[in-house]
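What the coordinates show
What follows is each chain in one-letter form.
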Amino acid sequence: MAAPYASQFAPVQNIALRLPINQPPTETVPYDLQRYYSRDVWVARQRAVLTKGARYLKPRFEIIFAVFMLLASFAVPIVVYYVVLHALPRQQVRFTEFDGQIVTLNEEPFWQARAASIGALLGLILLGWTPFFLWKANGKRQVNVMLRKFSAEDTAMASGAPTPQWSMKMPGIGSKALHLIISYPRALTGVPYAPGAQLPPYLANPFQDPVGGYSAPYMAAGHAQGQPHHAPADNMQGVPLYGDRDEKIPDYSGPTSDMYLPHEKERFDDVKV
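A few points on the structure. (Residues numbered from 1 in each chain as written. Predicted model: local features only at pLDDT ≥ 70, side-chain atom pairs only at ≥ 80, totals over all residues. Heavy atoms only, no water.)

1. Things to note about helix α2 (residues 59–87)
- In this model α2 runs 41 Å from its N-terminal to its C-terminal C-alpha over 29 residues, within 8% of the 42 Å that 1.5 Å per residue would give.
- In α2, a bend of some 30° at A72 exceeds every other bend along the element.
- For α2, the full list of buried residues reads P59, E62, F65, M69, A72, P77, Y81 and L85.
- In the core, the buried residues of α2 are packed alongside α3 (110–157). (Helix = DSSP H or I, 4+ residues; strand = E, 2+ residues; numbered from the N terminus. Expected span 1.5 Å × (residues − 1). Bend = angle between axes of the 7 residues up to and from the residue. Buried < 20%, exposed > 50% of the residue type's maximum accessible area, 1.4 Å probe, protein only. Contact = heavy atoms within 4.5 Å.)

2. Some details on the side chain of R45
- Structurally, R45 is set in helix α1 (residues 39–53).
- Since its relative accessible area comes to 8%, R45 is described here as buried.
- A distance of 2.7 Å separates the side chain of R45 from the side chain of D154, its partner in a polar contact.
- Residues in contact with R45, not counting those within four places in the same chain, are Y37, F150, E153, D154 and W166. (Polar contact = N/O pair within 3.5 Å; in protein donor to acceptor, adjacent residues only side chain to side chain.)

3. Re the pairing of strand β5 (residues 165–168)
- The alternating pattern of β5 places W166 and M168 on a buried face and Q165 and S167 on a face that is not buried.
- Across 4 bridges, the pairing between β5 and strand β6 (residues 177–185) is antiparallel. For W166, the partnering residue across the bridge sits in β6 and is I182. (Pairing = 2+ DSSP bridges.)

4. Some remarks on a nonpolar patch on the surface
- Taken together, the side chains of I63, V67 and L71 present a nonpolar region at the surface, about 290 Å² in accessible area.
- In this structure, V67 sits in helix α2. (Patch = residues over 30% accessible without salt bridge, like charges linked within 9 Å, V, L, I, M, F, W, Y side chains within 5 Å. Areas by Shrake-Rupley, 256 points an atom, 1.4 Å probe, with all protein chains shown as cover. Salt bridge = Lys/Arg side-chain N within 4 Å of Asp/Glu carboxyl O.)

5. Details of the side chain of Q46
- Mapped onto the elements, Q46 comes out in helix α1.
- Taking the relative accessible area as the measure of exposure, Q46 reaches 1% and is therefore buried.
- Ignoring anything within four residues of it in the chain, the contact list for Q46 reads L17, L19, P25 and T26.

6. Quick look at α1
- Spanning 15 residues, α1 covers 21 Å between terminal C-alpha atoms, matching the ideal 21 Å at 1.5 Å per step.
- Among the residues of α1, those classed as buried are W42, V43, R45, Q46, V49, L50 and G53. When α1 is viewed along its axis, its buried side chains cluster within an angular range of 165° and face the same direction.
- In this structure, the buried side of α1 is in contact with β2 (12–20), α3, β5 and β6. (Arc of directions from axis to C-beta.)

7. Topic: the packing of aromatic side chains
- All chains considered together, the criterion is met by 14 aromatic pairs.
- Ring centres of F61 and F65 lie 6.1 Å apart, and the angle between their planes is 25°; on these two criteria the pair is classed as stacked. Here F61 pairs with F65, and both are found in helix α2, just 4 residues apart, close to one helical turn.
- A relative accessible area of 49% means that F61 is categorised as partly exposed.
- Ring geometry for Y81 and Y82: centres 5.2 Å apart, planes at 85°, overall edge-to-face.
- Taking the relative accessible area as the measure of exposure, Y82 reaches 46% and is therefore partly exposed.
- Each member of the aromatic cluster is reached from another via a ring pair, and the members are Y56, F61, F65, W129, F132, F133 and W135.
- Over the ring of W111 we find R114; its NZ or CZ atom is 4.8 Å from the centre of that ring. (Phe/Tyr/Trp six-rings, centres within 6.5 Å; stacked < 30°, edge-to-face > 60°. Lys NZ or Arg CZ within 6 Å of the ring centre and 35° of its normal.)

In short, the description is geometric, and any link to function would need to be established separately.
This is how it looks when you write it as structure tokens:
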């Protein structure tokens, strides 16, 4: 006989954990992770992550640096443009008009100045933002190396069974907290109606109502193609749709034709004009 319930493995679940650098770690273990970690292990791991990850979070310095780079991105290209424009020599261009007169014009180095300003902007981004993001990426890499060691320890303790996987997101500019993602397999849950499973008795057996009236019949167990879907009318047993104890509502007859007309025997109210 097939088992009454079949087990099904649910997909991986994620938990987002936020660790502020100026607050102590929380001691409450999430409910789904209580079978993996005790309170002491949970607090110790948070403290280790905060100790290593807080080195790469400097909110005040990051905000000042971002504002400085934003202002420099506007000011430096403009200054370089005018400096180069006035520093480069002007070229004289001579051409002859139709009447034979020679005209001399001074050609300004506009394109050279524009190219220099664009190069200054790219150099500023390369020399300013690249080391900043490399510093942030190095902090993420250092913390993730430690988190992979945590996952390896959990796998060794669980004898190869699926365990939670820890990872950290890239710290943002001016962020005051570390953001971790914990992916863990959810527990096996009992799922009815699996192929070959035994149905519960309230579905396998028809509903019995001794005083019930009309019932919706079940399809016969030996039903074959081409046969009627339900049993004959004299053998209907199933879920009752209504019975003798149901409230009877009279039919709606509608208003009479003289319902809204004034009656002759009703007295009229005197209205002063």
